[in-house]
Amino acid sequence: MNEPLNIILWGVAIFVVLMVLSYLLPMLILGIVGIANVFLLTKEHLAHRKKYKKAVKQTRNKQTEFEERRKRNLENMKLERKKFDSTKERVESELNKHF
């Protein structure tokens with residue numbers, strides 16, 4: 001009589017353990033997948049941030065180059081204007097001599 005009771009108790013214990021495992025195992029798997037997903041998202045975020053910083057740096061460099069080129073063009077334009085004005089004055093003075 002003791003033996004069938006033992007078998008039933010072991011069966012119930014195994015059933016309870018399987019029930020608990022059937023509940024906890026998916027939770028454990030989802031937890032592991034979730035943690036792995038967080039690490040992957042962090043890695044992707046760092047890669048995007050690195051690309052963003054590089055793009056910002058390139059844009060800043062292009063802006064600086066543009067400003068330097070604009071200053072040079074402005075200085076060249078002023079020099080050309082001075083040359084033109086001096087040439088114009090010389091031509092006018094020559095014309096005034098003859099007329």
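Next up on the list: the overall build of the protein chain. Per the secondary structure count, the protein chain includes one helix and zero strands. Relative to the compact-globule value of 13 Å for 99 residues, the protein chain shows a C-alpha radius of gyration of 42 Å, a clear excess of over 25%. In terms of its C-alpha atoms, the protein chain occupies a principal-axis envelope of roughly 145 × 15 × 5 Å. Carbon together with sulfur atoms contributes 67% to the accessible area of the protein chain, which is approximately 10100 Å² in total. Separation between the mean location of the 20 positive side-chain charges and that of the 11 negative ones in the protein chain comes to 3 Å.

It is worth spelling out the pattern of salt bridges at this point. Following the criterion strictly, the structure yields one salt bridge and no others. Residues D85 and R81 are paired through a salt bridge, measuring 3.8 Å at the closest nitrogen-oxygen approach. Of this pair, D85 and R81 both sit in helix α1 (residues 2–98), separated by four residues, roughly a single helical turn. Under the relative-accessibility criterion, D85 is labelled partly exposed at 30%.

Our focus in this paragraph is the environment of K53. Looking at the element boundaries, K53 is found in helix α1. A C-alpha to C-alpha distance of 51 Å links K53 and M19, two positions 34 residues apart in sequence.

A separate point is a nonpolar patch on the surface. A cluster of nonpolar side chains, contributed by I8, V12, F15, V16, M19, V20, Y23, L24 and M27, occupies part of the molecular surface with about 900 Å² of accessible area. Examined against the element boundaries, L24 turns out to sit in helix α1. Its relative accessible area of 45% is what places L24 among the partly exposed residues.

By secondary structure assignment, the location of L95 is in helix α1. Through-space distance from the C-alpha of L95 to that of R70 is 37 Å; in sequence the pair is 25 residues apart.

What counts and how
- Residues numbered from 1 in each chain as written.
- Predicted model: local features only at pLDDT ≥ 70, side-chain atom pairs only at ≥ 80, totals over all residues.
- Heavy atoms only, no water.
- Helix = DSSP H or I, 4+ residues; strand = E, 2+ residues; numbered from the N terminus.
- Rg over C-alpha atoms; globule rule 2.2 N^0.38 Å.
- Areas by Shrake-Rupley, 256 points an atom, 1.4 Å probe, with all protein chains shown as cover.
- Lys, Arg positive; Asp, Glu negative; His and termini not counted.
- Charge placed at Lys NZ, Arg CZ, Asp CG, Glu CD.
- Salt bridge = Lys/Arg side-chain N within 4 Å of Asp/Glu carboxyl O.
- Buried < 20%, exposed > 50% of the residue type's maximum accessible area, 1.4 Å probe, protein only.
- Patch = residues over 30% accessible without salt bridge, like charges linked within 9 Å, V, L, I, M, F, W, Y side chains within 5 Å.

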